[in-house]
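# Architecture and fold: a report
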Amino acid sequence: MNEIQLIFQMEHPLCKRVMKRITMQQFVKLLIIFDFFHLALGQTLPPPRSVNDIANPLVDLEKCGRKGMRSHICDPDGIIPVEQAYQLDDIIRSIYNDTFCPCSPTICRPESQGGYLVGIAVIRAMRLERSIRRLNTSREDQAQYMNAVLNEARHFAYKLLQEWKMGRCNEDVLIFFSEHDSVLYTVTHSKARAKLTDDVLGEIAMHSRIHFSHRETIPEGFKKMLDSYRRVFLDDYVTKSSLESGQPEVEYHPKLSGSEANSSRHYCTVFLLLLNVVAATVWQLVT
């Protein structure tokens, strides 16, 4: 929004009431502040990312926002504060160290007795095709838009799980979160899925979803999910009926066809978050 648009909107009744309460000098100062804010956002916000933009944090140590540290978290856009990311890595290591190796005896040797492995990929926004973005401009197309976003998130999560190669016998899990798209997607390989079933994933996501509504609480959401996953792998998690909340946000997807169906089943939950005017304006700036 530039100054011409601001001035044009002064004819709005709300603007007229505001103008009665401030002087022209104050109004000019507001314009300057707004213009600076607008310019700063346009310069600092990272662009939407394709799945190929997300590196492997176990190999590409400089591309995941982890300051050259080997990690199970890739956060190229700096969504998670550094200290919080260290804490999440500690929790992920504790899951591996405290759980039992579910692989065959030939793999579960004394030097590799650790158990389940979890990775996290978090970005500000997915790079969506223009045809998908257009669907978000019409209320009638919202269902189609959300399905398209889910398909993209599924593609991101599955491809990253395959490329990161964390596990030894399909005992790995990947959590993918796109902040702007408000989508959280967990994908599991077969050994992890034997314990971390779709029903359990759904319940955990339902109880964690509120933390993903605001950036400052996103790390807490991941901590809550990881702690629950840890208890599931240790057979210390007591399931609760996901129907108690009466919320329909959790959505399950059927098995994929072909080789994907043999290695993974996909669970996802979409958080229908309210986007404010600033967020909408920012998105227009960077796309």
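Our subject is the structure that appears above.
What this report covers is the structure whose coordinates are included nearby. Residue numbers restart at each chain and count upward from 1, following the sequence in its written direction. Selection of residues for local features in this predicted model requires a pLDDT of at least 70, selection of side-chain atom pairs for listing and counting requires 80 or more, and totals for whole chains, interfaces and linings are taken over all residues. Side-chain figures throughout are based on the complete set of non-hydrogen atoms in the structure, without hydrogens or water.

## Some details on the nonpolar core
- We call a set of buried residues a nonpolar core when its members are Ala, Val, Leu, Ile, Met, Phe, Trp, Tyr or Cys and they connect through side-chain atoms within 4.5 Å of each other. Exposure classes here rest on a 1.4 Å probe applied to the protein chains alone. A residue is buried below 20% of its type maximum, exposed above 50%, and partly exposed in between. Residues I54, M126, F156, L160, W164, L174 and F176 are the most contacted members of the largest nonpolar core, which totals 30 residues.
- Comment: elements are numbered from the N terminus, with helices defined as DSSP H or I runs of at least four residues and strands as E runs of at least two. Only β2 (117-123), α5 (130-135), α6 (142-164), β3 (172-178) and β4 (183-189) provide two or more residues apiece to this core.
- Per element, the largest residue contribution to this core is eleven residues, and it comes from α6.
- Every residue pair with non-hydrogen atoms within 4.5 Å of one another is taken to be in contact. Apart from residues lying up to four places away in sequence, I54 is in contact with C74, A121, I123, F156, L160, W164 and F176.
- In this structure, A85, Y116, V200 and L226 belong to the second largest nonpolar core, which totals 29 residues.

## Some words on the packing of aromatic side chains
- Any Phe, Tyr or Trp ring, taking Trp's six-membered ring, that has another such ring centre within 6.5 Å forms a pair; planes under 30 degrees apart are called stacked, those over 60 apart edge-to-face, and the others tilted. Inspection of the entire model under this criterion finds five aromatic pairs.
- For the pair F177 and F222, a centre-to-centre distance of 6.4 Å together with 80° between the ring planes defines the contact as edge-to-face. Of the two residues, F177 is situated in strand β3 and F222 in helix α9 (residues 218-233); the sequence distance between them amounts to 45 residues. By the burial criterion, F177 is buried, and F222 matches it.
- Cluster of aromatic residues (ring-pair linked, three or more members): F177, F212 and F222.

## Overview of the packing of helix α4 (residues 82-98) against α9
- At a minimum axis distance of 10 Å, the contact between α4 and α9 shows a crossing angle of 5°. Between α4 and α9, the angle falls in the class roughly parallel. Taken together, the residues of α9 that come into contact with α4 (itself represented by Q84, Q87, L88, I91, I92, S94, I95 and D98) are P219, F222, K223, L226, R230 and F233.
- Classification used: nonpolar for Ala, Val, Leu, Ile, Met, Phe, Trp, Tyr, Cys and Pro, charged for Asp, Glu, Lys and Arg, polar for all others including Gly. Classifying every residue of the contact of α4 with α9 by side-chain character gives eight nonpolar, three polar and three charged. Between the N-to-C directions of two axes lies an angle of 0 to 180 degrees, each axis being a line fitted to C-alpha atoms and, for a helix, fitted only over the stretch in contact. An angle below 35 degrees is read as roughly parallel, one above 145 as roughly antiparallel, one from 65 to 115 as roughly perpendicular, and any other as oblique.

## Structural notes on α4
- Here α4 spans 24 Å end to end across 17 residues, near enough to the 24 Å set by a 1.5 Å rise per residue.
- Structurally, α4 contributes buried residues whose contacts are with β1 (73-74), β2 and α9. Each helix should span, by expectation, one fewer than its residue count multiplied by 1.5 Å.

## Let's talk about the state of the cysteines
- The term disulfide is used for any two cysteine sulfur atoms that are within 2.5 Å. Summed over all chains, the structure comprises three disulfides.
- Shown here is the disulfide that connects C101 with C108, its sulfur atoms set 1.9 Å apart. One disulfide, between C101 and C108, carries an S-S torsion of -75° and so falls in the left-handed class.
- Each sulfur in the disulfide pair C103 and C169 lies 1.9 Å from the other. Residues C103 and C169 are joined by a disulfide whose S-S torsion is about -75°; by sign, that bridge is left-handed. Of this pair, C103 sits in the loop between α4 and β2 while C169 is found in the loop between α6 and β3, placing the two residues 66 residues apart along the sequence.

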